Structures are given as structure tokens and as C-alpha cells.
Amino acid sequence: MKFSDFNFSEPLMQGLDAIGFEKPTAIQEQAIPQVLNKKDIIGCAQTGTGKTAAFLLPVIEDILRHGHVGLAALVIVPTRELAIQIDQQVEGLGYFTGVTSLAIYGGKDGVSFGQEKQALTEGADIVIATPGRLIAHLNLGYVNLGKLRFLILDEADRMLDMGFSEDIEMIVGYLPEKRNTLLFSATMPPKIRKLAKALLNDPEEINIALSKPAEGVVQAAFLVYEAQKLGLMVHLLKARPLTSVIIFCSTRKSVTVLERGLKKEGIKVGAISSDLDQQHREEVMIQFKNAELHVLVATNIVARGIDIVGVELVVNYDVPRDAEEYVHRIGRTARADATGIAFTFISEEEQRDFHDIEQLIGMEIKKIKAPSHLGPSPDYNPQKRSARKPQHFRKQRGKR
Ligand code: ADP
Ligand code: MG
């Protein structure tokens with residue numbers, strides 16, 4: 001599925017392009033058409049699955065279609081950090097649309113309270129608010145909610161855990177009854193169902209379950225410095241007579257470099273990335289299936305569509321960007337009842353990301369140091385996060 005399948009307006013498509021989203025995530029694919037059709041939804045999906053854009057995109061589109069009429073959408077979130085993050089995503093996705101938004105949260109000075117008041121009375125299109133601060137404004141009586149069409153509760157489970165349920169009830173009391181309500185949550189405990197029942201009207205429930213790695217896959221991870229990855233790859237390929245190996249890289253550039261490096265070592269390797277034309281890619285695939293090529297190096301994007309049985313070894317040359325991608329990649333080996341091996345190369349900078357993946361798939365994967373002839377390798381210390389970008393930018397690194 002592509003974003004263009006949703007018939008979004010041109011300025012919104014430009015925003016998607018600018019922000020670098022190429023295709024919708026699973027929750028976006030399912031939620032967007034429902035919201036555009038004015039259905040209430042409960043969206044349950046793990047952190048990092050793209051829930052923000054799942055509601056922002058159809059809401060921005062709806063505002064574009066309706067024109068600016070005042071406050072159209074209210075997003076309630078548990079923390080100020082999340083409010084700011086969502087506000088930034090409106091700015092990115094809505095950059096070319098003229099849709100305006102404002103984050104409203106506690107702990108700011110009187111000047112900002114005045115600015116918030118102005119936005120709430122003169123009508124920003126989208127307001128993202130923490131409950132307490134919003135109630136402070138609502139109690140003063142100037143917030144114009146007459147044109148509100150969307151109420152979105154994001155991270156609903158966390159809001160209830162933080163004791164916001166009465167606040168939410170109070171806020172909802174101010175809102176028009178005829179509206180769309182969208183509830184997003186990473187988990188679905190009974191109290192969330194109760195809340196949904198009280199606030200939503202015949203909701204469509206969307207559940208994106210994260211699949212677990214297949215049973216037959218033996219998983220291990222190597223702790224290496226970035227510069228040791230090629231040497232380790234050569235070592236592993238020469239240690240056993242393997243004839244069906246797929247190596248995933250995160251960027252087209254590393255595909256090219258790795259292919260060249262392996263060829264130099266006399267390994268029968270082919271590569272597919274979006275740099276190559278379709279015909280060339282198909283030829284490489286056929287050669288790989290026929291075992292004329294023993295090793296295939298690929299970017300994830302290209303690898304999505306391939307279906308090859310009996311891959312003996314899958315290597316994540318870079319740590320995949322999220323758990324779903326990890327599970328998907330290693331699912332290339334050990335299909336059906338067969339067994340297979342999946343190795344992941346983890347550089348120092350990638351340790352924390354890999355740790356996050358382990359949390360999500362609920363498995364701890366064995367860590368192995370690189371063989372000594374490659375020199376000393378890094379210690380394992382995933383809690384150490386070197387000067388990194390904030391969470392919401394992490395998934396966009398590299399050109400895929
Ligand atoms: P969630 O709310 O489910 O935890 P987010 O909405 O915060 O997830 O999105 C997680 C990350 O994925 C963000 O960095 C976001 O920019 C990115 N992202 C979301 N949708 C897409 C997409 N369609 N393509 C690429 N990246 C995306
Ligand atoms: Mg979220």
C-alpha cells in the first residue's frame with residue numbers, strides 16, 4: 001500500500017515526502033481509511049509503530065477538506081514531551097498545508113498561558129494538550145469548542161496509569177457529542193476497554209500484534225566495531241560451506257561496499273538495492289535461487305517482497321530499525337519447519353537499539369565477541385547512550 005492510495009491532498013503528500021515517509025505502517029494502513037470515513041477507532045499497537053501519523057494524517061486531511069473553521073481536533077496526551085513531539089510532527093507533515101497546531105502543557109510562564117489562550121480562542125486547527133493544563137483553560141470559559149470534530153486520546157493506557165481518568169471525563173464534558181473519537185494505546189487492559197466504551201461510538205478496533213520470531217531460528221548477536229563488520233562477515237562465510245545466505249544492510253551505500261568487499265574475497269555474491277533496475281534485480285534473484293550466487297546482499301526495502309525458501313543464514317549487517325523489521329528479516333530463514341541461523345552485528349552505537357528490540361520481542365539474544373584475530377571488540381553496555389538524537393528522530397536515520 002502507498003500513501004497515494006488514501007487520496008490525500010497535494011500539500012499533505014508534499015509533507016510526507018519532505019518528512020521522508022515512504023509507505024504507511026500497518027496501523028496507518030488500517031486506521032487512516034477508517035478515520036477518513038468518520039469511524040471511531042481503538043488503535044492498539046506497540047510503541048514505534050507509527051500511531052501518531054495514523055491519526056494526524058487523516059485529521060490534517062479532513063481539515064484541508066473542511067477549510068479552517070477553528071479548533072477542529074483536540075489531542076490529549078499524558079506528558080508535555082509527547083505534546084511537543086506530536087506538535088512537531090504536525091509541523092512536519094502539515095508544513096505545506098497551512099494547518100496550525102499548538103502544544104498546551106503545564107509548567108510554562110504566564111506569557112505562554114496568554115499565547116495558549118489566544119490560540120484556543122482564535123482557533124488553531126489542532127491543539128495537543130496535557131489534561132491538567134487544558135482543564136485550567138476550559139474552566140476559564142473562553143475555549144471555543146463548537147467546531148471540534150476530533151478527540152484523540154494518545155497513550156491512553158499511560159494516561160490512566162497516571163491517574164488522569166477523571167480529568168479526561170471532565171474534558172469530554174466540554175466537547176460536542178457529535179465528534180469522532182480516536183483512542184490509541186500500546187496495551188489493552190480492561191480499564192481501557194471501559195474508557196473506550198464510555199467515550200467511543202461503535203468503534204472499529206485495530207490490533208497490530210507484533211509477531212514473534214519463528215521457533216526454529218537460532219539467534220545470536222556479535223559485538224563489533226563498525227570497522228570490524230566486513231572482516232567478521234568474511235570470516236563467517238568462509239567458516240562453513242554455505243550456499244544460501246542473505247545479508248541485510250540499512251543503506252544502499254553499505255550494500256555496495258559490502259558486495260565489493262565480499263567479491264574481492266572470492267565469494268559468490270550478488271546485491272539488490274533500489275539503485276539497480278528491475279531487470280537486473282530479477283536476474284540476481286534467479287541466480288541466487290539457483291545457487292549460482294551463494295550470498296545476497298540487500299536493503300530491507302527491496303527485500304520486503306522476496307520469498308525464498310531454505311535460507312541457511314540471515315545476517316543483519318546493521319541493527320534493524322525496529323522489532324518488526326527484525327522479526328521480518330530473520331523470518332527469511334527457518335521458514336515452515338526448517339531451522340536456520342540469524343546473526344546480528346551490533347556496533348557500539350547500535351547496542352541500545354538492539355536492546356530495545358529484545359524488549360519488544362521478549363527475548364534476550366546471546367551476545368558473542370568478535371573473533372580475536374579481528375582485534376578487541378566493544379564491551380556490552382546497552383544502557384550507555386552516546387550523544388543521540390531524541391527518540392522520535394531515531395527511526396529516520398539513513399536513506400533506505
Ligand atoms: P508510536 O506512537 O506508535 O510509538 P510514532 O508515531 O512515534 O510511534 O512513530 C515512531 C517513529 O516512526 C517516528 O520516528 C516516526 O517519525 C516514524 N514513522 C512513523 N510512520 C512512518 C512511516 N510511514 N514511514 C517511516 N517512518 C515512520
Ligand atoms: Mg505514540
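Residues numbered from 1 in each chain as written. Chains lettered and ligands numbered in written order. Predicted model: local features only at pLDDT ≥ 70, side-chain atom pairs only at ≥ 80, totals over all residues. Heavy atoms only, no water.

**What to know about the pairing of strand E2 (residues 73-76)**
For a regular strand, side chains alternate in direction, first toward one face of the sheet and then toward the other.
Link 1 in the chain: In E2, alternate side chains face the same way, and those of Ala73 and Val75 on one face and Leu74 and Ile76 on the other are all buried.
Link 2 in the chain: Where E2 and strand E4 (residues 126-129) come together, four bridges link them in parallel fashion. Bridging from a neighbouring strand, Leu74 pairs with Val127 of E4. (Buried < 20%, exposed > 50% of the residue type's maximum accessible area, 1.4 Å probe, protein only. Helix = DSSP H or I, 4+ residues; strand = E, 2+ residues; numbered from the N terminus. Pairing = 2+ DSSP bridges.)

**Structural notes on the nonpolar core**
Link 1 in the chain: One finds Phe8, Leu57, Ile126 and Ile152 to be the most contacted residues of the largest nonpolar core, which totals 40 residues.
Link 2 in the chain: Here this core gets eight residues from one element, more than from any other, and that element is helix H3 (residues 51-66).
Link 3 in the chain: Leaving out residues up to four positions away in the same chain, Phe8 has contacts with Phe3, Met13, Leu16, Ile32, Leu36, Leu57 and Glu61.
Link 4 in the chain: The next biggest cluster of nonpolar side chains, apart from the first, holds 35 residues, and it includes Leu151, Leu160, Leu183 and Leu200. (Core = buried A, V, L, I, M, F, W, Y, C linked by side-chain atoms within 4.5 Å. Contact = heavy atoms within 4.5 Å.)

**Examining the side chain of Thr344**
Link 1 in the chain: Secondary-structure assignment places Thr344 in strand E13 (residues 340-346).
Link 2 in the chain: Among the polar contacts made by the side chain of Thr344, one reaches the side chain of Asn316 at a distance of 2.9 Å.
Link 3 in the chain: Filtering out sequence-adjacent residues up to four positions away, Thr344 remains in contact with Ala220, Ala221, Phe222, Asn316, Val319, Tyr326 and Phe354. (Polar contact = N/O pair within 3.5 Å; in protein donor to acceptor, adjacent residues only side chain to side chain.)

**Let's talk about unusual backbone geometry**
Link 1 in the chain: Notably, Asn7 is not glycine yet its phi reads approximately 55 degrees, a positive angle.
Link 2 in the chain: A residue is classified by how much of its surface remains accessible, and Asn7, at 61% relative accessible area, is exposed.
Link 3 in the chain: Phi at Glu155 is positive, roughly 50 degrees, even though this residue is not glycine.
Link 4 in the chain: Tracing the chain through its elements places Glu155 in the loop between strand E5 (150-153) and helix H7 (156-161).
Link 5 in the chain: Judged by its relative accessible area of 22%, Glu155 falls in the partly exposed class.

**A few points about the pairing of E5**
Link 1 in the chain: What you see with E5 is no split at all: Phe150 and Ile152 on one side and Leu151 and Leu153 on the other are buried throughout.
Link 2 in the chain: With four bridges joining them, E5 and strand E6 (residues 180-185) adopt parallel strand pairing. Considered in E6, the bridge of Ile152 is made with Leu182.

**Concerning the sheet that holds strand E9 (residues 245-249)**
Link 1 in the chain: Read from one edge to the other, the open sheet built from seven strands follows the order E10-E11-E9-E12-E13-E8-E14, with strand pairing classed as parallel. Here the strands that pair on one side only, and so sit at the sheet edges, are strand E10 (269-272) and strand E14 (366-369). Each strand of the sheet is rotated relative to its neighbour by a mean of 20 degrees, with strand direction disregarded.
Link 2 in the chain: Strand direction decides the pairing type here: E9 and strand E12 (residues 313-316), joined by four bridges, are parallel. Looking across to E12, one finds that Val245 is bridged to Leu313.
Link 3 in the chain: Sitting on the sheet, helix H12 (residues 278-289) touches E9, E10 and strand E11 (295-299), and the angle it makes with E10 is about 140 degrees. (Axes fitted to C-alpha atoms, helices over the stretch in contact; angles between N-to-C directions.)

Keep in mind these numbers describe shape, not what the thing actually does.
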